[in-house]
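Results of the structural survey
This is what each chain is made of:
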Amino acid sequence: MKPPDTCALWCVVAPGLERVAETELRALGADAVERQRGALMLEVSPDIALTIAVGSRIVEAVRLEIARFGARDVRALDAGLRASPLAQWLPARGLVRVDVACHKSRLYHSGLVGERVVEAVREAGGRARIGASDDEPAGHLHLRLDHDEALLRVELAAPRAHRRGWRTQVGKASMRETMAAAALLALDWQPTPGG
């Protein structure tokens, strides 16, 4: 299978940090970035997508869109899930966490929609649970239903940026690492030579 030329990414940021995060994403190689409250949407090459997933210090979560389809009813939802490339995004071992959001759609019950996604993951050869704890899963799927259109996304960077274990000494912090990185970038702070 030929890899895609571009990837649709959804980058979650703390509300208010969209402009600073856009600056960082452009420095990491992203060209066109569309800002929304608490998120940035962009189309990038697979290489840039991985660079953002590993290298961003401000983005809380990087989600790759793997399918988009109409879902006016359960039958259309099931057909779209079966046609999606779920199997290639499932971890070899471990549990997949499934999160669902429904907004202005005929399928408004997130529990029902989540059960259909879990069943699709099982059919594709994986194990899934709706809203499993962050400590358990090896994968993370998000399905958003908006005006009868389903957007299926997979988390590229796990765990989230503020939990990646980059710190060697852990103590009480006055702010999250992503927020601190955003503040430093906004101030254009540069480390002094020699530390």
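Up top is the structure these notes are about.
Starting afresh in each chain, residues are numbered from 1 along the sequence in its written order. Local features in this predicted model are restricted to residues of pLDDT 70 or higher, and side-chain atom pairs are both shown and tallied only at a pLDDT of 80 or more, whereas totals for entire chains, interfaces and linings draw on every residue. Hydrogens and water molecules were not included; the side-chain quantities draw on all heavy atoms of the structure.

1. A short note on the overall build of the protein
Each helix is a run of H or I in the DSSP string that is no shorter than four residues. Each strand is a run of E no shorter than two, and both are numbered from the N terminus. Per the secondary structure count, the protein includes six helices and eight strands. Sequence-ordered secondary structure for the protein, helices as α and strands as β, is β-α-β-β-α-β-α-α-β-α-β-β-β-α. The contact rule is simple, with two residues in contact once any of their heavy atoms fall within 4.5 Å. Counted over contacts in the protein with a minimum sequence separation of 6, partners at least 24 positions apart contribute 71%. When the accessible surface of the protein is totalled, it reaches about 11500 Å², and 52% of it is carbon and sulfur. Shrake-Rupley sampling with a 1.4 Å probe provides the accessible areas, and residues are treated as covered by the protein chains on show and by no other component.

2. Regarding the pairing of strand E4 (residues 61–70)
Buried means the residue's accessible area, taken with a 1.4 Å probe over protein chains only, is under 20% of the maximum for its type, while exposed means over 50%, and partly exposed covers the values in between. With respect to burial, E4 is a largely interior element, seven of its 10 residues being buried. Where strand E1 (residues 7–12) and E4 come together, four bridges link them in antiparallel fashion. Counterpart to Leu9 in the pairing with E4 is Leu64. Here, strands pair whenever DSSP counts at least two bridges between them. Looking at chain direction, E4 and strand E8 (residues 149–155) are connected through seven bridges and run antiparallel. Its bridge partner being in E8, Arg63 is matched across the sheet by Glu155.

3. Re the environment of Ile66
Residue position: Ile66 is located in strand E4. Sequence-wise, Ile66 and Ser84 are 18 residues apart; in three dimensions their C-alpha atoms are separated by 7.2 Å.

4. Concerning the nonpolar core
In this description, a nonpolar core means a group of buried Ala, Val, Leu, Ile, Met, Phe, Trp, Tyr and Cys residues linked to one another through side-chain atoms lying within 4.5 Å. Counting residues in each nonpolar core, the largest one holds 47 residues, and the members touching the most others are Leu9, Cys11, Leu42, Leu141 and Leu143. Cys11 has contacts with Leu25, Gly38, Ala39, Leu40, Leu42, Ile52, Val59, Ala61 and Val62, leaving out every residue within four places of it along the chain.

5. Some remarks on the sheet that holds strand E7 (residues 139–146)
With respect to topology, eight strands assemble into an open sheet ordered E2-E3-E1-E4-E8-E7-E5-E6, the strand pairing being mixed. Each edge of the open sheet carries a strand with a single partner, namely strand E2 (33–36) and strand E6 (127–130). The mean inter-strand angle of the sheet, taken between neighbouring strand axes irrespective of direction, is 30°. With four bridges joining them, strand E5 (residues 95–103) and E6 adopt parallel strand pairing. Each axis is a line fitted through C-alpha atoms, and for a helix only the stretch in contact is used; angles between axes span 0 to 180 degrees, taken between their N-to-C directions.

6. Points about the pattern of salt bridges
Within this document, salt bridges are pairs made up of a side-chain nitrogen of Lys or Arg and a carboxyl oxygen of Asp or Glu, the two lying within 4 Å of each other. Under the definition given, this model contains nine salt bridges. One salt bridge in this structure joins Arg97 and Asp99, with 3.2 Å as the shortest N-O distance. On the basis of relative accessibility, which here comes to 17%, the residue Arg97 falls in the buried class. One salt-bridge network, in which partners are shared between bridges, spans Glu22, Arg26 and Arg35.

7. Concerning the side chain of His142
With respect to the secondary-structure elements, His142 resides in strand E7. Assessed through its relative accessible area of 11%, His142 is described here as buried. Between N or O atoms, a polar contact is any pair within 3.5 Å; within protein, one atom must be a potential hydrogen donor and the other a potential acceptor, and residues adjacent in sequence are included only when both atoms are from side chains. For His142, the side chain forms a polar contact with the side chain of Arg63, separated by 3.1 Å. In contact with His142, other than residues within four places in its own chain, are Arg63, Asp99, Leu151, Leu152, Arg153 and Glu155.

8. Quick look at a nonpolar patch on the surface
Patch building starts from residues that exceed 30% relative accessible area and form no salt bridge, then joins like charges within 9 Å and nonpolar side chains (Val, Leu, Ile, Met, Phe, Trp, Tyr) within 5 Å. There is a patch of nonpolar side chains on the surface, built from Leu184, Leu187 and Trp189 and spanning about 340 Å² of accessible area. Here Leu187 lies in the segment after helix H6 (177–186).

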